[in-house]
Amino acid sequence: MSERLYVVKTRTITGSPSEILVEQLVASGVKYVFYNSGSREALFFDALHSNPNIHGILALHEGNVTSMAGGYTQVHNQPAVMVVHLGAGLAQAMGQFINVAFGGLPVVVITFAGDTGSWVDRINLDFDHSFAPTSVASPMVKASWTVIDPEGLPAAVERALKVAQTPPFGPVHLAVYDSMLSNSQVTTEIIDGAVLPLTAGAVSDSDLDLVLDYLDRSDRPLIYAGDSVWRNGGEELAGELATHFGAAVCGTNVDYRGISIKHPHHLGEFEGAWSDYDPDLIFCLGVKHQGTGYSSDHAPFRRLGEQGGKLIALGSSQPYITNYPGLDLALLGDEKDALQRLLKKAAKDFPMSTYTVKRENALEASKIRREARRNDMLPDPTEGLVRPGVLIDILDKELEAMGGGIVTNENSTASQEAIPSGVAPYLNTYIRQAGGSEGWGVGAAMGAKLASGDVPVVGFVGDGSLYYAESGLWTAVHHNIPVLFVITNNAAYGIVAGFFDQAGGQMSDTRKFAGVSLEGIEPVQIANAFGMDGETVNDETKVLEAIRRGLSVVNTEGRPYLLDFRLPSGLPEGGVAARQFRMR
């Protein structure tokens, strides 16, 4: 066994604490700091904008700061750093930070805090003296530290980046006392070199042989793939494994990338897939199972056990083998390494031709589920409206014709689960909202673009989601981040309206729905007010022309653009907007 020699390279620096903090971020390979300005942090922002090797990306609200940072990490799993204004700014960010936490995204959030113990116990915009500076974020982060000594800033930054990138990936919080926001000179050691992510160990050969045996003997295997697969660079390998053994594929409602949604065996979300496919083997691969908090969350695994099926889980850390009752096999190890070795063994000992019937079953099941979604999104044409299925088809084809792109998604009306399947390698990457907190899509698309460089980025954003975060359009203009924003405008909070209907109350009976209608709002005018051009599209024959024009603006002219597609109403069938209280 060879030993790896780690040499820590340091260099001495003398400067203000703010200059030291910024210089350590640069030394650690951080390219951007996503932030919202604050007055007490004046010297920090002065140091940030004075350093040519790092760029501050300004948002007007902490929610967009957070979603940009999160979206940045969702492209290459590189860590992101964000700074929000004191305790009040951190509290403002929490609505989007729950997405970062739920998605396990490697984001480091830095805040500054006043001393509420030495002199007075009340400081404007800081937390009450009874609560630590890290208290608000603590439910949402893997770890948090309060930094008191400015000489320790480099070590604290390096540690935070390392922990954020160690499986299970997740956010980290550094709270720095603002007594460090002075011009006093400090001498300390900068730690040079990007902080590299740590990888999990390797699964044993004997355990991988068991996995292969299960896949070989099952009649209807289902691979339930999640975010840890793509984080470790194994998404294409996972797709190859599914193809080899004729396994159907599914994912979570917050991840399209464990195995590409375009894989011809993909059934969509696990919640509906398992019952339709009725597998006799569920292979949970780098996926954190989630639910609704009821016994039905374990229903797939109970039924599998009752029918004599097998349940196995493989993941890089503990959360990827949790929430699976009755596991027949639980394996901790790096997913990419395991997949490479599984495929090597399969090629030698398990001929692909053996599984032709299973492949045909998986292809047919995927076709049925995909067509069902397509039928939902391709109702009879209505004059003055664009059907969601038409929109997603055209955009997918146009992006592929350009060589492929990244599509971030925060909408449910135009679901990418209905796009036609393809042949690997898949040119388009589809990224879902990391959690369920509304307002992710605008910032996430910009973060993804900053991470992806010249690769085209399209941000699918529902109209309701846009209105949570519309000030993010200003950021796109201010920093000239060339994203094509596609607004799927059904003039409603469609998901909420659907739940109102299913609840069986008065709104369901009268078909008058309150609190969900978003009529009379003009996204293009909002974009124009922030200095962004855009257009409204309400004619299906003009969808292709509009998408080509939008992609040309962002990719050729290099500036952001907004397309507002008017879709059928998001209210339940036969529903109308209820008349609500008006003061005058």
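To be clear, the structure that these remarks concern was listed above.
Let us look at the structure shown here. (Residues numbered from 1 in each chain as written. Predicted model: local features only at pLDDT ≥ 70, side-chain atom pairs only at ≥ 80, totals over all residues. Heavy atoms only, no water.)

## Regarding the overall build of the protein chain
Point 1. Looking only at helices and strands, the protein chain features 20 helices and 22 strands.
Point 2. Here the C-alpha radius of gyration of the protein chain, 25 Å, is about what a compact globule of 584 residues would show, namely 25 Å.
Point 3. The C-alpha extent of the protein chain, read off along each of the three principal axes, is 75 × 70 × 50 Å.
Point 4. Across the 584 residues of the protein chain, 55% fall into the buried class.
Point 5. Of the contacts made within the protein chain by residues no fewer than 6 positions apart, 78% connect residues no fewer than 24 positions apart.
Point 6. Charge centroids of the protein chain, computed over 44 positive and 67 negative side chains, lie 3 Å from each other. (Helix = DSSP H or I, 4+ residues; strand = E, 2+ residues; numbered from the N terminus. Rg over C-alpha atoms; globule rule 2.2 N^0.38 Å. Buried < 20%, exposed > 50% of the residue type's maximum accessible area, 1.4 Å probe, protein only. Contact = heavy atoms within 4.5 Å. Lys, Arg positive; Asp, Glu negative; His and termini not counted. Charge placed at Lys NZ, Arg CZ, Asp CG, Glu CD.)

## Some thoughts on the sheet that holds strand β14 (residues 329-332)
Point 1. Across the sheet, which stays open at both edges, the six strands sit in the order β11-β10-β9-β12-β13-β14 with parallel pairing between neighbours. With partners counted over all chains shown, the strands left at the sheet margins are β11 (266-269) and β14, one partner each. Averaged over all adjacent pairs, the angle separating strand axes in this sheet is 15°, with direction ignored.
Point 2. Where strand β12 (residues 281-285) meets strand β13 (residues 310-315), five bridges bridge the pair, whose relative direction is parallel. Its bridge partner being in β13, L285 is matched across the sheet by L314. (Pairing = 2+ DSSP bridges. Axes fitted to C-alpha atoms, helices over the stretch in contact; angles between N-to-C directions.)

## What to know about the nonpolar core
Point 1. Membership of the largest hydrophobic core comes to 51 residues, with the highest contact counts inside it found for F34, M82, F97 and F485.
Point 2. No other element matches helix α14 (residues 441-452), which puts seven residues into this core.
Point 3. Listed in part, the 37 residues of the second largest apolar core include A27, V33, V83 and V147. (Core = buried A, V, L, I, M, F, W, Y, C linked by side-chain atoms within 4.5 Å.)

## Re the sheet that holds strand β2 (residues 32-35)
Point 1. Spatially, six strands are ordered β3-β2-β4-β5-β7-β6 in an open sheet, and the strand pairing comes out parallel. For this open sheet the edge positions go to β3 (55-58) and β6 (143-147), each flanked by a neighbour on one side alone. Geometrically, the sheet is characterised by an average inter-axis angle of 25° between neighbouring strands, direction not taken into account.
Point 2. Sheet topology places β6 next to strand β7 (residues 172-177); five bridges connect them, and they run parallel. Across the sheet, W145 pairs through a bridge with L174, a residue of β7.

## So, the packing of helix α1 (residues 17-27) against helix α2 (residues 42-50)
Point 1. In the contact formed by α1 and α2, the axes pass within 8 Å of each other and the chain directions differ by 45°. Judged by the angle between their axes, α1 and α2 are oblique. Viewed along their axes, α1 and α2 form a crossing whose handedness is right-handed. In contact with S18, E19, L21 and V22 of α1, α2 contributes L43, F44, A47 and L48.
Point 2. For the contact of α1 with α2, the per-class residue count stands at six nonpolar, one polar and one charged. (Parallel < 35°, antiparallel > 145°, perpendicular 65-115°, else oblique. Left-handed = near helix turned anticlockwise from the far one by under 90°. Nonpolar A, V, L, I, M, F, W, Y, C, P; charged D, E, K, R; others polar.)

## A look at the state of the cysteines
Point 1. Enumeration over the complete set of coordinates arrives at zero disulfides.
Point 2. Between C250, a free cysteine, and C284, which holds the nearest cysteine sulfur, the sulfur-to-sulfur gap is 8.3 Å.
Point 3. Residue class for C250 comes out buried when judged on its relative accessible area of 1%.
Point 4. A relative accessible area of 0% means that C284 is categorised as buried. (Disulfide = S-S within 2.5 Å.)

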